[in-house]
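# A closer look at the structure
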2 protein chains.
Amino acid sequence: MEFPSKLIENAVEELAKLPGVGRKTALRLALHLLKEESEETFLLAEALVKMRTEVKHCKECHNISDTEVCGICLNPLRDRSLLCVVSDIRDVIAIENTSQFKGLYHVLGGVISPIEGVGPSDLHIDSLLERLPNSEIKEILLAISPTMEGDTTAFYLTRKLRDHNVRITTIARGVPVGGELEYTDEITLGRSIVERTSYGKN
Amino acid sequence: MEFPSKLIENAVEELAKLPGVGRKTALRLALHLLKEESEETFLLAEALVKMRTEVKHCKECHNISDTEVCGICLNPLRDRSLLCVVSDIRDVIAIENTSQFKGLYHVLGGVISPIEGVGPSDLHIDSLLERLPNSEIKEILLAISPTMEGDTTAFYLTRKLRDHNVRITTIARGVPVGGELEYTDEITLGRSIVERTSYGKN
């Protein structure tokens, strides 16, 4: 694709580095910004740079935060005996949106993946183990996606955690709410039967 | 959706203003930038701001350009007797990519659309008419999308242009190359029969 302007070409190339943005989409975004007031572009650029330079990672749970320790860790109303381990910041946002979890979090920053060269030492596992002694944590809820890498990570964690005096739980697997039995894959359906709960529970 | 950081929330809000980018996609883009080196974010922001502040519109054809007059208008090898009228800068890029057009362009900056409040005076039609006297232009090719607004614009232009001594042409309508006859809509198929060309032409 040839561009009538080096400036646009440069902007398109930078935009096309974003995930899911191809060169055609990037061009559409660039031309959109050219049509809008320049103020819009300045606000966008400023917000991105400000976010990239000023966002911190909470030194307790590794969640993103505007402060040294994040709002969740600082919140006196959260249940300090319950710790939810997730792989990614997006999982924290997803779980927070359910309003069903009142404990604290620990963000691993990924999952163990030999193919991508991610080992346990690349994740925030040591800092998780360091959090446990002298803490109020009684239960660790593993909320890790049930993929092969996720299951490997959960298995590794349970082995590391079993010497600590904590209950280890995992999020329930089963038929999604609103899901149809006949369209549920057989592994999920099988686990939903093995791990059946008393009727009316929850 | 609640965010653990005001900085991220701000970046997500600005990104979500882009066309086709929802809040979930915006969050994915923001978290991607946070994972990459900060240099990436700086380059993106700089490219956008530089484009927005420095890009010019060619004073001849209204195409985007890094200079007062664009590279196409300045190119001595282009055929100055043939002028292609398009509604948008993207159309120039699309036609340039075909390598089939060697004339000059004129970008209208939109199409006549009473619903969106765009009248002829909002488009670069006056400057088109001003280009014609004392120019070498012999043929004007209307390359405007065959939508209702596009056809209205083309009709308006042909009436404005008929007093000038120029041949007015339009891009061929027909079955797309590689297209299947049975899946072509009947208006296109009908026009492809009415406007049939001698076999072997082109």
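Remember, predicted model here, so these are calculated numbers, not experimental data.

Attention now goes to the UniProt feature "zinc finger region: C4-type" (unreviewed entry) in chain A. What UniProt calls "zinc finger region: C4-type" (unreviewed entry) maps, in this numbering, to residues 58–73 of chain A. Measuring from the first to the last C-alpha atom of residues 58–73 of chain A gives 8 Å, for a span that is 19% helix and 12% strand.

The next thing to look at is the sheet that holds strand E6 (residues 167–170) of chain B. Residues and elements named next belong to chain B. If you trace the four strands from one edge of the open sheet to the other, you get E4-E3-E5-E6, paired in parallel fashion. The outermost strands of the open sheet, each flanked by one partner alone, are strand E4 (103–107) and E6. Taken over all neighbouring pairs, the strand axes of this sheet differ in orientation by 25° on average, direction set aside. Looking at chain direction, strand E3 (residues 79–86) and E4 are connected through five bridges and run parallel. Note on E4: the bridge partner recorded for leucine 83 is leucine 104. Along the sheet, helix H5 (residues 89–98) contacts E3 and E4; its crossing angle with E4, the most-contacted strand, is approximately 160°.

Mapped onto this structure's residue numbering, the UniProt feature "domain: Toprim" (unreviewed entry) falls at residues 81–176 of chain A. In the segment residues 81–176 of chain A, helix accounts for 31% and strand for 20%; the C-alpha atoms at its two ends are 28 Å apart.

Once that is clear, we can look at the packing of helix H1 (residues 6–15) of chain A against helix H2 (residues 23–35) of chain A. Helix-helix packing: each pair is described by the crossing angle between the helix axes and the interaxial distance. Residues and elements named next belong to chain A. Contact pair H1 / H2: the axes reach a minimum separation of 8 Å and the direction vectors enclose 125°. Comparing the axis directions of H1 and H2 gives the class oblique. H1 and H2 meet at a crossing whose hand is right-handed. Residues Ile8, Val12, Glu13 and Leu15 of H1 form the contact with H2, whose own contacting residues are Arg23, Ala26, Leu27, Leu29, Ala30, Leu31 and Leu34. For the contact of H1 with H2, the per-class residue count stands at nine nonpolar, no polar and two charged.

How each quantity is defined
Residues numbered from 1 in each chain as written. Chains lettered and ligands numbered in written order. Predicted model: local features only at pLDDT ≥ 70, side-chain atom pairs only at ≥ 80, totals over all residues. Heavy atoms only, no water. UniProt positions renumbered as here; feature names shortened; annotations may be inferred. Helix = DSSP H or I, 4+ residues; strand = E, 2+ residues; numbered from the N terminus. Pairing = 2+ DSSP bridges. Axes fitted to C-alpha atoms, helices over the stretch in contact; angles between N-to-C directions. Contact = heavy atoms within 4.5 Å. Parallel < 35°, antiparallel > 145°, perpendicular 65-115°, else oblique. Left-handed = near helix turned anticlockwise from the far one by under 90°. Nonpolar A, V, L, I, M, F, W, Y, C, P; charged D, E, K, R; others polar.

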